[in-house]
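Single-letter residue listing:
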Amino acid sequence: MPTVTIDGIKVEVEKNATILEAAQKAGVWIPTLCYHEAVSRSGACRLCMVELEGGDQKQLVTSCNYPVRHDLVVSTTSEQAVKARCGVMELLLARAPESEELKELAERMGVLQTSFPTVTESQRNCILCGLCIRVCEEVIGQSAIGFAGRGVDKAVAGPFRQPAEDCIGCGACAAICPVGTIRIRLHEEEQEIEISPFKSRNKLIVCEECGAMIISAQVSEQALRKIESIFAEFPHRLRLCPQCRKKQTAKKLEESKVFHKKVTVS
Amino acid sequence: MISTDAKFTSPNDIAAFARQLRNKSKAIPKVVRVCIGTGCAAKDSRKLYELFQEAARKSSRDVRVETKNVGCHGFCERGPIVVIDPGEIFYQQVEEPDVAEIFRETILGGRILERLLFEDPLTGKKATKAAEIPFYNVQKRVVLSANGLIDPTQITDYLAAGGYSALAKVISSMSPEQVIEQVEESHLRGRGGGGFPTGRKWRSCREASGNGKYIICNGDEGDPGAFMDRSIMEGNPHSVIEGMIIGAYAVGAEQGYIYVRNEYPLAVRHLTGAIAQTRKRGLLGKNILGSNFSFDIRINRGGGAFVCGESSALIASLEGKPGEPRAKYVHMVESGLHGKPTVLNNVETWTNVPKIINNGGKWFADIGTEKSKGTKVFSLVGKVVNTGLVEVPMGISLRRIVEEIGGGVKDDKKFKAVQTGGPSGGCIPAEHLDARVDFDELTKLGSMMGSGGMIVMDEDTCMVQVARYFTEFLQKESCGKCTPCREGLAQMLHILTRITKGEGQADDLDKLKALAELLEGTALCALGKTAANPILSTIRYFQAEYEAHIQQRRCPAKECKGLFRYKIDEEACKACGICLKNCPVDAIVGEKKVPHKIIQEKCTLCGTCWDKCPFSAVLKV
Ligand SMILES: Cc1cc2nc3c(=O)[nH]c(=O)nc-3n(C[C@H](O)[C@H](O)[C@H](O)COP(=O)(O)O)c2cc1C
Ligand code: SF4
């Protein structure tokens, strides 16, 4: 197993592990944005740059996708590495000036402000890291969104920049978005979930008991297809909100007298 | 005797067939070659070809005339070009009405039409042959040697000119190892921009484990104004294919791809035709020339984005994915197309290969400088007298290209800079005009070899505008995947734009330099890494010009609108009243016989008077 010496700390990692994984093992923090362990690597945001030492030349590389194939000496604190990461962060702050999440990460890196004006506006506050696209394709299996355009016109959108038709309203993109730009909006009147900024809308299942909005109908359907349940009540239970589900389960238990008198509900 | 469309089953067939073809062609005494390269075709040279054919058909005289469409001659400035054999008589700027006379006088009568010959503007001497024209005799044509001679749609033309003899040599007498040794000995470096040693690339791929290796030809040529690769693919497609087959033999590949940009339909057509002919002849496909080596080539059309020429983006595009670059921490020679070991080379690189095999690596290495061998094709454009496609030996000075081949700067203007290396190249000023064409020397000067763009700029060119133009191009062509390139280029363009508007700020140059450094260090692919070259090189050589814009709100080249004024030269003004009539804001006063004047307070600097004055009496000051 190759050894990675990172800021002086030595760790052994599997061959072809990444420098970032080695850093995690060594307890060294490297800021990341377009990286998430649930999806494939992209290397797009360039925030995780570190400096490779040794060999014939020093070299800046992205730690999230640089494979360790032999022993490496890495610095996350060299002047070049810090300058590179902070420079990238300043550009990102200019692009997404309203993201609190980004500001927090910048602060943790010691970047308190950006010297650049906001000049790119294809999609406000989106840093185009592509995590949403990858999670939608690789984890959810929908590929409802993708990149449209290129360069400064690039944006994340549904096909032909129209509302994403294949979106099932699961919200994985919103959950993975590192800058808080993708939001879930609930439309009470229409009983719909909207994923902004993709303008995709999905019907929600409403609790059969209390009328609370629970989950996108499509997500529930897909989940049901994936689960083989011998519990006949299951599909019905899914149509209840968690509160009502609890209540009904308790009631059913009470009726069946299975745990008669043994269970005390606190 | 080998029948005219027979399949070759042994390497010996090639030489025998070529001999046969040459004997046959001796029987046709007259040949007319009409250039259908990019420049000439734009001036409707195809029509000339048809007229010559018709004339030949209708001629009552008992003389056999062969009419050929040929690829770019390079001297596009003087197109359409028609060359007549015997005698290699070189006619330029030929027009439709000339065809009948050429046919009667030159082809049938053997007399030369003086008025269609090239006349040296300096000496007034007429040139009968191309070789007598400075534009050509300073060049060294290796890659382009058959362009302008052979009909690219006929494999027989290529064979008669010695085509596929290198392949025959490789298959009959060389091991893959020996092929690689020759390429290594030649010190051939990639012509697509990076200048990576081709032999080393091939060796790594040969040594990489795994089967199903690939060979790719990069014919994306996205540099604006460049047409080197286009002219080769259109004018001599077989030379590219032969190079690829030899490469495949050397590294052990079975499948090849040629990636051509969609805007090159003629290149696609000629390559497609050439591949079909090669297959039929047993030069591609199973058991090439009767050996146990098999290889085939497919053509892929690129979507036309500049970034698709970048190796990893090209591969993504071939795989049917969006044409975006990927990390190359694992080299393509180990894991390229579909994860298989892959060799990607540029069109011109491939074309050099048969020459190297035929003449030996040493022959190639004898041309050029210590670290840059062979020749390089450039598309010479801009403010130069002779624009066109030129091939020069490495090591020739930029001065000789601009002054001797290019004939100097147009309209007696002063030379200011020559831009090499494509959009992310740099500008080289007059004081370095004696620099040699050499990968490392051009890089040291802040420019690069690139794939062969060469733009000459005169004294009226504003270097801030030049930087802005290329930055804008790159900003538009950036794929937008990575932060520094997408955001950094937008920031740089923002700064440059404000400088050209006279709104520059004191620390703008420092900001540009810091951004340049950031891009070079952190961008994902070479587009972003080199994108600041136009800015850095113009700051390096023309800093005073930037400062004039920023500090004095003045554009010394008088190109940036608003940063200079118009004034009427009283001596030159004939008081004709044209400017006065045309000024849209009535900012000009004057009467008959009284020199006119511009009221500066009213003038909006639209430039109408400057355009309209028939006596050039309006000056930019
Ligand atoms: C943005 C960009 C565009 C490129 N475009 C081309 C191109 O159009 N043609 C080409 O041959 N190489 C192009 N290259 C270089 C290729 O990535 C690659 O280095 C080259 O094709 C390798 O072949 P060579 O070694 O024969 O030069 C480009 C590189 C970059 C970064
Ligand atoms: S450097 Fe530019 S072109 Fe290359 S990957 Fe980054 S954004 Fe795309």
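Cut-offs applied
- Residues numbered from 1 in each chain as written.
- Chains lettered and ligands numbered in written order.
- Predicted model: local features only at pLDDT ≥ 70, side-chain atom pairs only at ≥ 80, totals over all residues.
- Heavy atoms only, no water.
- Near = heavy atom within 4 Å.
- Nonpolar A, V, L, I, M, F, W, Y, C, P; charged D, E, K, R; others polar.
- Polar contact = N/O pair within 3.5 Å; in protein donor to acceptor, adjacent residues only side chain to side chain.
- Areas by Shrake-Rupley, 256 points an atom, 1.4 Å probe, with all protein chains shown as cover.
- Helix = DSSP H or I, 4+ residues; strand = E, 2+ residues; numbered from the N terminus.
- Contact = heavy atoms within 4.5 Å.
- Buried area = accessible area lost by both parts, 1.4 Å probe.
- Salt bridge = Lys/Arg side-chain N within 4 Å of Asp/Glu carboxyl O.
- Pairing = 2+ DSSP bridges.
- Axes fitted to C-alpha atoms, helices over the stretch in contact; angles between N-to-C directions.
- Parallel < 35°, antiparallel > 145°, perpendicular 65-115°, else oblique.
- Left-handed = near helix turned anticlockwise from the far one by under 90°.
- Domains from an automatic or database assignment.

### What to know about the site of ligand 2
Inspection of the region around ligand 2 gives 13 residues, with B:C479, B:K481, B:C482, B:C485 and B:C525 positioned closest. For the shell around ligand 2, a count of residues per class yields 9 nonpolar, 3 polar and 1 charged.

### Observations regarding the site of ligand 1
Residues and elements named next belong to chain B. In the neighbourhood of ligand 1, 18 residues make up the surrounding shell, with G192, E221, N345, N346 and T349 lying closest. Interatomic distance of 3.3 Å between a backbone N/O atom of G309 and a nitrogen atom of ligand 1. Here an oxygen atom of ligand 1 sits 2.7 Å away from a polar atom, N or O, in the side chain of T349. When ligand 1 is considered free in solution it has 610 Å² of accessible area, and contact with the protein chains removes 88% of it. Going through the elements one at a time, β10 (342-346) and α21 (526-530) are the ones with two or more residues in the shell around ligand 1. No other element matches β10, which puts 3 residues into the shell around ligand 1. The residue inventory of the shell around ligand 1, partitioned by class, reads 4 nonpolar, 9 polar and 5 charged.

### Notes on the interface of chain B and chain A
Across the boundary between the two partners, chain B contributes 30 residues, which contact 33 residues of chain A. Across the chain B/chain A interface, buried area totals approximately 2,600 Å², and carbon plus sulfur atoms make up 56% of it. Of all residues in chain B, B:Y329, B:R486 and B:Q491 give up the largest surface area on contact with chain A, accounting jointly for 26% of the area buried on that side. Scanning the region where chain B abuts chain A turns up 5 salt bridges. Close ionic contact of B:E334 with A:R69 constitutes a salt bridge, the shortest N to O distance being 3.2 Å. Going through the elements one at a time, α18 (463-477), α19 (483-500) and α20 (508-522) of chain B are the ones with two or more residues in the side of chain B that touches chain A. When residues in the side of chain B that touches chain A are grouped by element, the largest group, 8 residues, is from α19(B).

### As for the pairing of strand β11 (residues 213-216) of chain A
Residue and element names in this part refer to chain A. Summarising the sheet, strand β10 (residues 200-206) and β11 pair through 3 bridges and their orientation is antiparallel. Paired with I205 across the bridge in β11 is I215. The hairpin formed by β10 and β11 contains 6 residues between the paired strands, and G211 there has a positive phi angle of roughly 85°.

### Some details on the packing of helix α7 (residues 165-173) of chain B against helix α14 (residues 347-359) of chain B
All names here are of chain B. Packing of α7 against α14 leaves a shortest axis separation of 8 Å and a crossing angle of 60°. Between α7 and α14, the crossing angle belongs to the class labelled oblique. Between α7 and α14 lies a crossing of left-handed hand. Each of S165, A166, K169 and V170 in α7 lies in contact with α14, whose residues at this interface are P354, I357 and N358. Split into classes, the residues belonging to the contact of α7 with α14 amount to 4 nonpolar, 2 polar and 1 charged.

### So, the domain arrangement of chain B
Residue and element names in this part refer to chain B. Each domain of chain B was delimited in the assignment, giving domain 1 (16-137), domain 2 (162-365), domain 3 (375-458), domain 4 (463-551) and domain 5 (566-620). For domain 2 and domain 4, the distance between their C-alpha centroids amounts to 34 Å. On the domain 4 side, the residues contacting the 10 residues of domain 2 number 9 residues. A combined buried area of about 800 Å² lies between domain 2 and domain 4, and 75% of that area is made up of carbon and sulfur atoms.

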